[in-house]
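The primary structure of each chain is shown beneath.
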Amino acid sequence: MAASRDPERTGGHVHDPHSLDTLALPSRRSGRRRDRRGRGLRGPLLPPGMPAAQSRREEFEDAVLDTVELLERSWAKQLRDVEFGIEEVPPSDPSPWERGVPLGRSFASDAVAGLPARVVLYRRVVEARADGPDDMRSLVRAVVVEQVAEMLGRSPEDIDPGYRES
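Caption draft 1: Structural detail: the overall build of the protein chain. The secondary structure content of the protein chain amounts to four helices and three strands. In the protein chain, the succession of helices and strands from N to C terminus is α-β-β-β-α-α-α. Looking at the protein chain as a whole, 27% of its 166 residues qualify as buried. Nonlocal contacts in the protein chain, meaning residues at least 24 apart in sequence, comprise 51% of its contacts between residues at least 6 apart. Total accessible area on the protein chain stands at roughly 12,500 Å², and carbon and sulfur atoms take up 50% of it.

Pasting the structure below:
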């Protein structure tokens, strides 16, 4: 059947599919589509591997892992059985000798309970104290070094010669 050219039956519009110019629309297979309002291409703003795509938690975990790896180069034997952990905030019942909010804690091993020695950092407290990502990394390094030094009965400068620089 031919296209309807009767303006009264088509609401005043003449529709002739052969007379329209074809629009260059991207196919669904090409992967490049505009959003439904025609404002731009859909897709992520940054690839998943980019640093800006990391959450604050992931950045904090990376900072702790980098510091632990740095310390393990020199203290692998002493840190072999030490676990490093991250908690959001410290428990609400601080130790009597602690003043203020701790950034981290170290716990000696408990052979009776079967618990290894542990170093725990409190993410939100450290992030609140830091003035940005670089300051957060140096603060994480300082806290880990201080807790490891306390655990091993040494000074922080013995554990990490760059301690005062961080």
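Caption draft 2: Representation of the pattern of salt bridges in the model. If you walk through the whole model with that rule in mind, you get six salt bridges. Glu-88 is the salt-bridge partner of Arg-124, the closest N and O atoms lying 2.9 Å from each other. Here Arg-124, found in helix 2 (residues 123–129), pairs with Glu-88, found in the loop between strand 1 (83–87) and strand 2 (104–107); they are 36 residues apart in sequence, far enough to count as distant. Across the salt bridge formed by Arg-123 and Glu-127, the nearest N and O atoms sit 2.9 Å from each other. Remark: Glu-127 and Arg-123 occur in helix 2; sequence separation between them is four residues, near one turn of the helix. Salt bridges here are not isolated pairs; linked through shared partners, they connect Arg-57, Glu-88, Arg-123, Arg-124 and Glu-127.

Caption draft 3: Expanded view of the sheet that holds strand 2. With mixed pairing, three strands are arranged side by side in an open sheet as 1-3-2. In this open sheet, the two edge strands, each paired with only one partner strand, are strand 1 and strand 2. Averaged over all pairs of adjacent strands, the angle between strand axes in this sheet comes to 20°, irrespective of strand direction. Lying over the sheet, helix 1 (residues 56–79) contacts strand 1 and strand 3 (118–122), oriented at roughly 160° with respect to strand 1.

Caption draft 4: Expanded view of the confidence of the model for the protein chain. Looking at the protein chain as a whole, the pLDDT averages 79, with 67% of positions reaching at least 70. Across residues 19–25, where pLDDT falls below 50, the model places zero contacts with residues more than four positions away in sequence or in other chains.

Caption draft 5: Seen up close, the side chain of Glu-127. With relative accessibility at 19%, the residue Glu-127 sits in the buried group. Setting aside its immediate chain neighbours within four residues, Glu-127 contacts Arg-56, Phe-60 and Met-136.

Caption draft 6: Representation of the packing of helix 1 against helix 3 (residues 133–152) in the model. Following both chains from N to C, one finds helix 1 and helix 3 inclined at 35°, their axes separated by 9 Å at the closest point. Helix 3 is crossed by helix 1, and the crossing has right-handed handedness. Contacts from Glu-59, Phe-60, Asp-62, Ala-63, Val-64, Asp-66, Thr-67, Leu-70, Leu-71, Trp-75, Gln-78 and Leu-79 in helix 1 reach Pro-133, Met-136, Arg-137, Val-140, Arg-141, Val-144, Val-145, Val-148 and Leu-152 in helix 3. Of the residues assigned to the contact of helix 1 with helix 3, the class counts are 14 nonpolar, two polar and five charged.

Analysis parameters
- Residues numbered from 1 in each chain as written.
- Predicted model: local features only at pLDDT ≥ 70, side-chain atom pairs only at ≥ 80, totals over all residues.
- Heavy atoms only, no water.
- Helix = DSSP H or I, 4+ residues; strand = E, 2+ residues; numbered from the N terminus.
- Buried < 20%, exposed > 50% of the residue type's maximum accessible area, 1.4 Å probe, protein only.
- Contact = heavy atoms within 4.5 Å.
- Areas by Shrake-Rupley, 256 points an atom, 1.4 Å probe, with all protein chains shown as cover.
- Salt bridge = Lys/Arg side-chain N within 4 Å of Asp/Glu carboxyl O.
- Pairing = 2+ DSSP bridges.
- Axes fitted to C-alpha atoms, helices over the stretch in contact; angles between N-to-C directions.
- pLDDT = per-residue confidence, 0-100.
- Left-handed = near helix turned anticlockwise from the far one by under 90°.
- Nonpolar A, V, L, I, M, F, W, Y, C, P; charged D, E, K, R; others polar.

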